[in-house]
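Structural description and commentary
Okay, here's what each chain looks like letter by letter:
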Amino acid sequence: MNWDLLLTNASLATFVGEASHGLLTDAAIACQDGRIVWLGAMRDLPSASAATAVEVHDLDGALVTPGLIDCHTHLVFGGDRAQEFDLRLNGASYEEIARAGGGIVSTVRATRHASEDELFAQSLPRARSLLADGVTTLEVKSGYGLELESERRMLRVARRLGEALGIHVQTSFLGLHAIPPEYKDRRDDYVSLVCDELLPPLANEGLVDAVDAFCEGIGFTRAETERVFEHARLLGLRVKLHAEQLSDLDGAALVAEYGGLSADHLEYLSDSGIQAMARAGTVAVLLPGAFYALRETKLPPIDALRSHGVPMAIATDCNPGTSPLLSLRLAANMACTLFRLTPEEALRGITVNAARALGLSDRGTLAAGKRADLVVWNARQPAELCYWIGGGLVRQVWIGGMPK
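About the cut-offs
Going along each chain's sequence as written, the residues are numbered from 1 onward. pLDDT decides what is reported in this predicted model: residues at 70 or higher carry local features, side-chain atom pairs at 80 or more are listed and counted, and totals for whole chains, interfaces and linings draw on all residues regardless. Working from all heavy atoms in the structure, the side-chain values ignore hydrogens and water. UniProt positions are given in the numbering used here, feature names are shortened, and annotations may be inferred rather than shown by experiment. Whether two strands pair comes down to DSSP finding at least two bridges between them. Counting from the N terminus, the helices are the DSSP runs of H or I reaching at least four residues and the strands are the DSSP runs of E reaching at least two. Geometry is summarised by axes, namely lines fitted to C-alpha atoms with helices restricted to the contacting stretch, and by angles between N-to-C directions that run from 0 to 180 degrees. How far each domain reaches was decided by an automatic or database domain assignment. Pairs of residues are marked as contacts when any of their non-hydrogen atoms sit within 4.5 Å. Note: buried area is the sum, over both parts, of the accessible area (probe 1.4 Å) each one loses when the two are combined. Each salt bridge in this description consists of a side-chain nitrogen of Lys or Arg and a carboxyl oxygen of Asp or Glu lying within 4 Å of one another. Polar contact criterion, stated in full: a pair of N or O atoms within 3.5 Å, where within protein one must be able to donate a hydrogen and the other to accept it, and residues adjacent in sequence count only if both atoms are side-chain atoms. By nonpolar core we mean a set of buried residues, namely Ala, Val, Leu, Ile, Met, Phe, Trp, Tyr and Cys, connected to one another through side-chain atoms within 4.5 Å. Exposure is judged per residue with a 1.4 Å probe applied to protein chains only, and the accessible area is read against the type maximum: over 50% gives exposed, under 20% gives buried, and values in between give partly exposed. We call a crossover right-handed when, viewed with both strands directed away from the observer, the connection leading from the first strand over the helix to the second proceeds clockwise.

The chain carries the name Imidazolonepropionase in an unreviewed UniProt entry, which gives Dyella dinghuensis as its organism. Under the heading Subcellular location (unreviewed entry), UniProt records this for the chain: "Cytoplasm".

Encoded structure:
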């Protein structure tokens, strides 16, 4: 059988094994039917297969990585919150803005008023910006509708983005994102609504891949979060959690108790939470865009996460209020400069560990049998992807073996 695609004279950052970046120099990689079928040193390239490959590219030493994976975004929303950016720079805190009717609730109003086509039209350029920076797999959360039809529209738009762009979009239902205005004095009723009337039909329609919540003082309590986790478990859905961003409510330990995919943010994460995550294999998703935009000063406990062997992923947290970030590579740069991750840690955080945070085992590394999601960069060494601040470094992208 002829190979569909062969890239020769490449530097392959495979992220397989313990060697630095899993780097193979003077190497080649071949793909067939959307999968990687061979990779190795040029001297070991099977001459017969190479001679009959359909498409061959000599990369002259250029760097190839797995397609990047943005494992935490709120990409689908109506309107923007540029005014709140102004308010924060004039002294208002995130909590003050939220309690005054801004924050998440203001985006809820705009999202509820937008049709599905309007949401799609607003979200598509944001998704394209991420793809232009090397992203081939994307997670999108709901949570700006907070009632059935608006949440359904958001999740349908997320699926449409994947179809329109030819990428895999993973969805997370985030019904416990904020209390909608109509339930302001009926918290318990709203949590019941999420568990009984929102999550089941959306899951049954195939719109939900995982369930998330915002466990925080201005969000939802540990007990409220556990209620929705119990319902997710009954529906056979994995869970993840916005945890310990502004305070420590022991959310990381809770999501670990449920075998959760990830705990995200984590600036106020405790040692006991880290130990629970390590035991459960729960990924720590770091979101330096929100840290930067909110001018946070408390760093996530990076050294403790390292010492306990908790895998660390990096994501944009693309959202209208606290992380209007449209470059995953810039998020990796921020993780290095703000959180002091090494470039290798940051790059593993947007490839192999990001895949793990989404429960996807078929991508995130370059290895035989994995999806042929490949990025060729205008770079020769992996650290360049974190070193350059902005700018277009992508030379060519293949998703499932198809050029983009």
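**Considerations on the sheet that holds strand β10 (residues 238–243)**
Strands in a sheet are paired, the pairing made by backbone hydrogen bonds, and the direction either parallel or antiparallel. With respect to topology, eight strands assemble into an open sheet ordered β6-β7-β8-β9-β10-β11-β12-β13, the strand pairing being parallel. Pairing within the sheet leaves two strands with one partner each, and these edge strands are β6 (68–70) and β13 (312–314). Pairs of neighbouring strands in the sheet enclose a mean axial angle of 25°, with direction left out of account. Of the strand pairs in this sheet, β10 and strand β11 (residues 262–265) are connected by four bridges, and their pairing is parallel. Within β11, the residue paired with Ala243 across the bridge is His265.

**Comments concerning the domain arrangement of the chain**
For the chain, the assigned domains read domain 1 (5–66 + 365–403) and domain 2 (68–358). The C-alpha-based centres of domain 1 and domain 2 are spaced at 31 Å. Each partner contributes to the interface: domain 1 provides 26 residues, whereas domain 2 provides 20 residues. Area buried by domain 1 at its contact with domain 2 is led by Phe15, Cys386 and Ile399, which between them contribute 35% of it. At the boundary of domain 1 with domain 2, the tally comes to zero salt bridges. Across the domain 1-domain 2 interface, the total number found is nine residue pairs in polar contact (both at pLDDT 80 or more). For the side of domain 1 that touches domain 2, the leading source of residues is helix α16 (residues 384–387), giving four residues.

**Some remarks on the environment of Ala51**
Locating Ala51 in the fold gives a position in helix α1 (residues 47–51). Between the alpha carbons of Ala51 and Leu385 there is a distance of 32 Å; along the sequence they are 334 residues apart.

**A look at the nonpolar core**
Formed by 99 residues in total, the largest nonpolar core has its most connected members in Tyr190 and Val211. Counting contributing residues, this core receives three or more from each of domain 1 (5–66 + 365–403) and domain 2 (68–358). The contact partners of Val211, leaving out residues within four places of it in the chain, are Phe173, Leu199, Val228, Phe229, Ala232, Leu237, Arg238, Val239 and Lys240. Core analysis: the second largest hydrophobic core is formed by 16 residues, Leu5, Leu12, Leu59 and Val376 among them.

**Quick word on helix α4 (residues 104–112)**
Each full turn of the α-helix corresponds to 3.6 residues, which orients residues three or four apart in the same direction. Those residues of α4 that sit buried are Ile104, Val105, Ser106, Thr107, Val108 and Thr111. Of the surrounding secondary structure, the elements contacted by the buried residues of α4 are α2 (82–89), α3 (94–99), α5 (116–132), α6 (148–165) and β9 (210–215).

**Let's talk about unusual backbone geometry**
Located in the positive-phi region is Leu266, a residue other than glycine, with phi close to 75°. A residue is classified by how much of its surface remains accessible, and Leu266, at 0% relative accessible area, is buried. At Asp317, a position not held by glycine, the phi torsion is positive, near 55°. With respect to the element layout, Asp317 can be found in the loop between β13 and α13 (328–339).

**Concerning the UniProt feature "binding site: Zn(2+)" (unreviewed entry) in the chain**
Taken from the UniProt record, the annotation "binding site: Zn(2+)" (unreviewed entry) applies to His72, His74, His242 and Asp317. Separation in sequence by 246 residues is not matched in space for these annotated residues, since their most distant C-alpha atoms are only 12.1 Å apart. Among the structural elements, His72 can be located in the loop between β6 and α2. By relative accessible area, His72 is classed as buried at 0%. Those residues in contact with His72 that sit more than four places away from it in its chain are Glu139, Lys141, His242, Asp264, Val285, Leu287, Ala315, Thr316, Asp317 and Cys318.

**Some thoughts on the pairing of strand β7 (residues 135–141)**
With seven of seven residues buried, β7 is to be regarded as a mostly interior element. The sheet contact formed by β6 and β7 spans three bridges and is parallel. Residue pairing across strands places Ile69 opposite Thr137, the latter belonging to β7. As judged from the five bridges shared by β7 and strand β8 (residues 168–176), these two strands associate in the parallel manner. Bridge assignment links Thr137 to a residue of β8, and that residue is His168. For the crossover from β7 across α6 to β8, the handedness is right-handed.

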